[in-house]
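# Descriptive structure summary
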Amino acid sequence: MPTTHRTCPLCEAHCGITIETDRNDEVVSIRGDELDPHSRGYLCPKAYGLKGLHEDPDRLRRPLVRGEDGEFREVEWDVALARAAEGLARVRDDHGGDALATYVGNPTAHDLGSLLYLPLFSGAAGSRWTFSAASCDQIPKNLACNEMFGGEYIIPVPDIDRTDFLLVLGANPAVSNGSLLTAPNLRARLKAIRDRGGKVVIIDPRRTETAELADEHHFIRPGADAALLLAMVHVLFREGLASPGRLAPWIRGLDEVEASVAEFSPERVAPFAGIGADAIRALAREFSAAPRAACYGRLGTCTQRFGTLASWAVDVLNVVSVNLDRVGGAMFANSAAPFPSAPRVAGDADPYGRWHTRVRGLPEVGGQVPAAALAEEIEGIGEERIRGLYVHMGNPVLSTPNGERLAAALDSLDFLVCHDLYLNETSRHADVVLPSTSPIERPNADVFFYPMAVRNGAHWSPAAVEPDPELRHPWQVLLELSARLAGAEPAALDEMLCRGLAAAAGVEGDAVELVGLEPGPMRLFDLLLRSGPYATSLADLDPHGSDFGALEPRVPDVLRTPSGKIELAPPRITADLDRLVAAIDDAPPSLVLIGRREVRSNNSWMHNVHALAKGRPRCVLLVHPAEAGRHGLATGDTATLRSRTGKVRVPIEVSDSVMPGVVCLPHGFGHGRSGTRLGVASALQAGVNANALTDDQELDPLSGNAILNGVPVTIES
Ligand SMILES: Nc1nc2c(c(=O)[nH]1)N[C@H]1C(S)=C(S)[C@@H](COP(=O)(O)OP(=O)(O)OC[C@H]3O[C@@H](n4cnc5c(=O)[nH]c(N)nc54)[C@H](O)[C@@H]3O)O[C@H]1N2
Ligand SMILES: Nc1nc2c(c(=O)[nH]1)N[C@H]1C(S)=C(S)[C@@H](COP(=O)(O)OP(=O)(O)OC[C@H]3O[C@@H](n4cnc5c(=O)[nH]c(N)nc54)[C@H](O)[C@@H]3O)O[C@H]1N2
Ligand code: SF4
Ligand SMILES: [Mo]
């Protein structure tokens, strides 16, 4: 039976999978690849969903164009691409490139072709307005790392396989399978820390599935992580435990940090964080005393009021406890295929505030502006507004704050093109919907997340089934649209991209001749491999994935700051400390909303796969018994949850897994709308849109990131 080894593209773990197909090119089985050096056969239930996704009768197989009567019609690709390009070009020609924007969704990061061809599209569209899921996710970490280390993706990774003490804030890897931390089977890796006598501590407003696996869990008031971490750093300085260690020659700003944390005594922070002063002290001492310790903060530390400060404070703690860049601490991976945007020289243009949104004047960060500003930028002020939008693999109606305001704004666009597998809550507003092959129908390589992996490696994936001749790959859609917008031949553009990349990567000679592969992303991947630290190539990679070893210390070579040093107290970040100090003494809101993920979901888009969607409803609000008692609510009741931006009616489950003053609702639901084609999701897991409640007007001010956790709400029966 034909067998393909590849990776699962659904999350950052990139588990190796083996797909068997029969004579009719039907998928017969999907198993964990035992020979994958990183995942060793591990899989989560979502991997099997790839078959269901591929076979889903609701998945779009033909482009859709909206007719005069407002109804979608299936059309040929040429017609759809021409219509999409004409619509976008008309907006650009009538109103300028500033009237066009792109929203880039999360699966883009898992698709090599999208990553490499999107810049081509933005260039051809002549638009600098890029919105993306990143500003509902990790932009605060990108900003903090850019300021501290000189690159948005120079991100320290906890060396979990060798650490003795792992401190986790705002992440639930037992369910999410890790983020900015590529390491398949995190459950086993966490257990291994404890088995070798180490310790795992979780800081989270909910006693999560990961907390259940840990030695210790502390509830924390949402948004208090920066204060908690700075209080720990305060303790280290006060007790003479803070030291730059081996990194002393490459650290700037240690004294400023010591002065800044003076205000963050454990006693002062304790009531704000909801963690006792003694517990904070004990945690700081234990972290410091551990032979090798790593602090890891993720989504919950980013999508909150103090996202950038918290992201910065995580690595301040790693540095002053002498755990940065050492085995078992927080280390830097060395990617086999350095991504083209990775800074190659120190002091590349400061990617911050080079332009600002029109309505609120929010700064661009790393080439993007906040997704939370998309609705108001479409509504506009006067004539200045976004009139044409291209959505690449995203579902911002369900994923971005105040998504229902955005849903209304989408209808006021002159032209909307969506590239998606489905007619969903966002693409139902489109003028043209361009579908694509499913992930297993196309070759791929994981380039985006290996720079955050716990082992250095590389993996490429051949297609497991023949691509449907009626479909296009995402890169082909981008190339075709770009060519039409630029008035160029697709082949010429592709050639230009290849040569540009070869030059940027420093590959000598005639790159195309050298590589000799068909046009498309794989030859570009080959170029990246050749330019990388292991000077390997596509042909040299092991079909089960290549391992280039454990992480090694990389300071100072990895640093790209203008000073060539680690900037421990970057002024752009420390300028925000006054806001945190002021907040510590404020009375907190009496009830706030946080989110959660669930093993069988993937943000908003795997709910139409029957094997994953079946079972009890997932979109349930967790309410603490004290709160439930106040409102006479019991498990199974339906409650109304309200915020400044909206309200939802949702079933509740009374649970002491959430801390008092906190309710918890997953995002990605809110299916079952007219005009969508998501039969299974609508019938089995419709749920409500958590982002009807999150606020587009409240952001982490430094990064513009959405605050999806710690949203003030009220509840009633
Ligand atoms: N309240 C709250 N909101 C959140 C979060 C939260 O924790 N709480 N998390 C945030 C995070 S971390 C993220 S990353 C964002 C995600 O935000 P988005 O990226 O906007 O949303 P997704 O649900 O990931 O939507 C991905 C879309 O891509 C489509 N797609 C998938 N694969 C393919 C493909 O191969 N080809 C094509 N053409 N389309 C494809 C899917 O059908 C789906 O519509 O959500 C954010 N929103
Ligand atoms: N099964 C599944 N896996 C996924 C996804 C999915 O939708 N489903 N999505 C993928 C994506 S796009 C991403 S970005 C990753 C995210 O992966 P993770 O970073 O692990 O994110 P979550 O699982 O949402 O966990 C965030 C945790 O932060 C906690 N939290 C909320 N507010 C605060 C706070 O103020 N402080 C602290 N300390 N904690 C807080 C929440 O209770 C939650 O437990 O997961 C990826 N993997
Ligand atoms: S953890 Fe699950 S979803 Fe993530 S890559 Fe592995 S199999 Fe796929
Ligand atoms: Mo994400």
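This one's a predicted model, so the numbers in the text were calculated from it and none came from an experiment. Each chain has its residues counted from 1, running along the sequence as written. Chains and ligands are labelled sequentially in the order written, the chains with letters from A and the ligands with numbers from 1. In view of the model being predicted, local features appear only for residues whose pLDDT reaches at least 70, and side-chain atom pairs are presented and counted only at 80 or more, with totals across whole chains, interfaces and linings using the full set of residues. Computation of side-chain values covers all heavy atoms of the structure but excludes hydrogens and water.

In a structure, side chains of opposite charge can pair up when their charged atoms sit close to one another. Here, a salt bridge means any Lys or Arg side-chain nitrogen found within 4 Å of an Asp or Glu carboxyl oxygen. In total, this model carries 50 salt bridges according to the counting rule given. With a shortest N-O distance of 3.8 Å, Glu495 and Arg523 are connected by a salt bridge. Of this pair, Glu495 sits in helix H18 (residues 490–505) while Arg523 sits in helix H20 (residues 521–531), placing them 28 residues apart in sequence. Residue classification places Arg523 among the buried positions, given a relative accessible area of 3%. Runs of E in the DSSP output that reach at least two residues are strands. Runs of H or I that reach at least four are helices, and both are numbered from the N terminus. Buried means the residue's accessible area, taken with a 1.4 Å probe over protein chains only, is under 20% of the maximum for its type, while exposed means over 50%, and partly exposed covers the values in between.

A word on the site of ligand 3. Whether a residue is near a molecule or strand is decided by its heavy atoms; if any one of them lies within 4 Å of it, the residue is near. Lining the immediate surroundings of ligand 3 are Cys8, Leu10, Cys11, Ala13, His14, Cys15, Leu43, Cys44, Lys46, Ala47 and Asn177. Its residues assigned to classes, the shell around ligand 3 shows 8 nonpolar, 2 polar and 1 charged. Three classes are used: nonpolar for Ala, Val, Leu, Ile, Met, Phe, Trp, Tyr, Cys and Pro, charged for Asp, Glu, Lys and Arg, and polar for all others, with Gly counted as polar.

Around ligand 2, the surrounding shell holds 30 residues, and the nearest of these are Ser176, Asp204, Asp225, Ser601 and Asn603. The separation between a nitrogen atom of ligand 2 and a polar side-chain atom of Asp225 is 2.6 Å. Accessible areas in this description were obtained via Shrake-Rupley with a 1.4 Å probe; residue shielding takes into account the shown protein chains only. Here ligand 2 has 920 Å² of accessible area as a free molecule, and 97% of this is covered by the chains. Listing elements by their share of the shell around ligand 2, those giving two or more residues are helix H5 (173–176) and helix H12 (299–302). Split into classes, the residues belonging to the shell around ligand 2 amount to 10 nonpolar, 13 polar and 7 charged. Polar contacts here mean pairs of N or O atoms no more than 3.5 Å apart (in protein, one a potential hydrogen donor and the other a potential acceptor; neighbouring residues in sequence count only if both atoms are side-chain atoms).

On to the sheet that holds strand E11 (residues 216–218), then. For two strands to pair, DSSP has to find at least two bridges joining them. Ordered in space as E11-E10-E9-E13, the 4 strands form an open sheet in which the pairing is parallel. At either margin of the open sheet sits one strand with a lone partner, and together these are E11 and strand E13 (293–297). Each neighbouring strand pair of the sheet contributes to a mean axis angle of 15 degrees, computed without reference to strand direction. The pairing of strand E10 (residues 199–203) with E11 spans 3 bridges and is parallel. Paired with Ile203 across the two strands is His218, which belongs to E11. The strands touched by helix H8 (residues 225–238) are strand E9 (165–169), E10 and E13; relative to E9, the strand with the most contacts, the crossing angle is about 150 degrees. Seen against the sheet, helix H13 (residues 307–320) touches E9 and E13 and runs at an angle of roughly 175 degrees to E13. Working convention: axes come from line fits to C-alpha atoms, limited for helices to the stretch in contact. Angles between N-to-C directions cover 0 to 180 degrees. Any two residues having at least one pair of non-hydrogen atoms within 4.5 Å are treated as being in contact.

A separate point is the pairing of strand E2 (residues 16–21). On any regular strand, side chains alternate: one points to one face of the sheet, the next to the other face. Extensive coverage of E2 is indicated by the burial of 5 of its 6 residues. Looking at chain direction, strand E1 (residues 3–7) and E2 are connected through 5 bridges and run antiparallel. Each bridged residue has a counterpart across the sheet, and for Thr7 the counterpart in E2 is Gly16. As paired strands, E2 and strand E3 (residues 27–32) are joined by 5 bridges and run antiparallel to one another. For Thr21, the partnering residue across the bridge sits in E3 and is Val27. Hairpin connection, E2 to E3: the antiparallel pair is bridged by 5 residues, and Asp25 has positive phi, about 65 degrees.

What follows deals with helix H6 (residues 186–195). Among the residues of H6, Leu186, Arg189, Leu190 and Ile193 are the ones counted as buried. Around the axis of H6, the buried residues are gathered within 100 degrees of arc, so they sit on the same side. When the buried face of H6 is taken as reference, the exposed residues oriented beyond 90 degrees from it are Lys191 and Asp195. Buried residues along H6 sit against E9, H5, E10 and helix H7 (209–213). Downstream of H6 by one or two residues, Gly197 has phi in the positive range, about 90 degrees. Directions pointing from the helix axis toward each C-beta atom define the arc.

Of note, the amide linkage connecting Val555 to Pro556 takes the cis form, showing an omega dihedral of 10 degrees. Here Pro556 shows up in the loop between strand E23 (546–550) and strand E24 (566–567). You will see that Val322, though not glycine, has its phi angle at about 60 degrees, which is positive. Locating Val322 in the fold gives a position in the loop between H13 and strand E14 (330–331).

Take the side chain of Thr676 next. If you trace the backbone, Thr676 turns up in the loop between strand E29 (662–664) and helix H25 (679–684). Residue Thr676 is classed as buried on the basis of its relative accessible area, which comes to 18%. Within the structure, the side chain of Thr676 is placed 2.7 Å from the backbone oxygen of Arg673, a separation counted as a polar contact.

Look at helix H10 (residues 266–273) against helix H11 (residues 277–289): their axes get within 8 Å of each other, and the N-to-C directions meet at 110 degrees. The angle between the axes of H10 and H11 places the two elements in the roughly perpendicular class. For the pair H10 and H11, the sense of crossing is right-handed. Every residue of H11 that contacts H10 at Pro266, Glu267, Val269 and Ala270 is listed here: Ala277, Ile280 and Arg281. The residue inventory of the contact of H10 with H11, partitioned by class, reads 5 nonpolar, no polar and 2 charged. Should an angle fall under 35 degrees it is taken as roughly parallel, and over 145 as roughly antiparallel, whereas 65 to 115 is taken as roughly perpendicular and any remaining angle as oblique. Less than a right angle of anticlockwise turn of the near helix away from the far helix marks a crossing as left-handed, whereas a clockwise turn marks it as right-handed.

The disulfide criterion is simple: two cysteine sulfur atoms within 2.5 Å. Summed over the entire model, instances satisfying the criterion amount to 0 disulfides. The structure places no disulfide on Cys664, whose sulfur is separated from the nearest cysteine sulfur, that of Cys619, by 10 Å. Judged by relative accessible area, Cys664 falls into the buried class, the value being 0%.

So, about the sheet that holds E1. Pairing is antiparallel across the open sheet formed by 3 strands, whose spatial order is E1-E2-E3. Strands at the two margins of the open sheet, each flanked by one partner only, are E1 and E3. Ignoring strand direction, the axes of neighbouring strands in this sheet form an average angle of 25 degrees.

Our next topic: the packing of aromatic side chains. Here a Phe, Tyr or Trp ring, Trp counted by its six-membered ring, pairs with any other such ring whose centre lies within 6.5 Å, and the pair is stacked when the planes are under 30 degrees apart, edge-to-face when over 60, and tilted otherwise. For the structure shown, the criterion picks out 8 aromatic pairs. Centre to centre, the rings of Tyr153 and Phe448 are 5.1 Å apart; their planes meet at 65 degrees, and the pair counts as edge-to-face. In this pair, Tyr153 sits in the loop between helix H4 (139–149) and strand E8 (157–158) while Phe448 sits in the loop between strand E20 (444–445) and strand E21 (455–458), placing the two residues 295 residues apart along the sequence. Looking at Tyr153, the relative accessible area reads 28%, which means it is partly exposed. Ring geometry for Phe165 against Phe287: centres 5.7 Å apart, planes inclined by 85 degrees, an arrangement best described as edge-to-face. Residue Phe165 is found in strand E9, and its partner Phe287 is found in helix H11; the two are separated by 122 residues along the sequence. Judged by relative accessible area, which is 0%, Phe287 ranks as buried. Aromatic ring contacts, followed pair by pair, group Tyr153, Phe339, Phe448 and Phe449 into a single cluster.

Okay, the packing of H8 against H10 next. For the pair H8 and H10, the least separation of the axes is 9 Å and the interaxial angle reads 160 degrees. Between H8 and H10, the interaxial angle falls into the category roughly antiparallel. For the pair H8 and H10, the sense of crossing is left-handed. Taking contact as the criterion, the partners of Ala227, Leu228, Ala231, His234 and Val235 in H8 are, on H10, Pro266, Val269 and Phe272. A class-by-class count of the residues in the contact of H8 with H10 yields 7 nonpolar, 1 polar and no charged.

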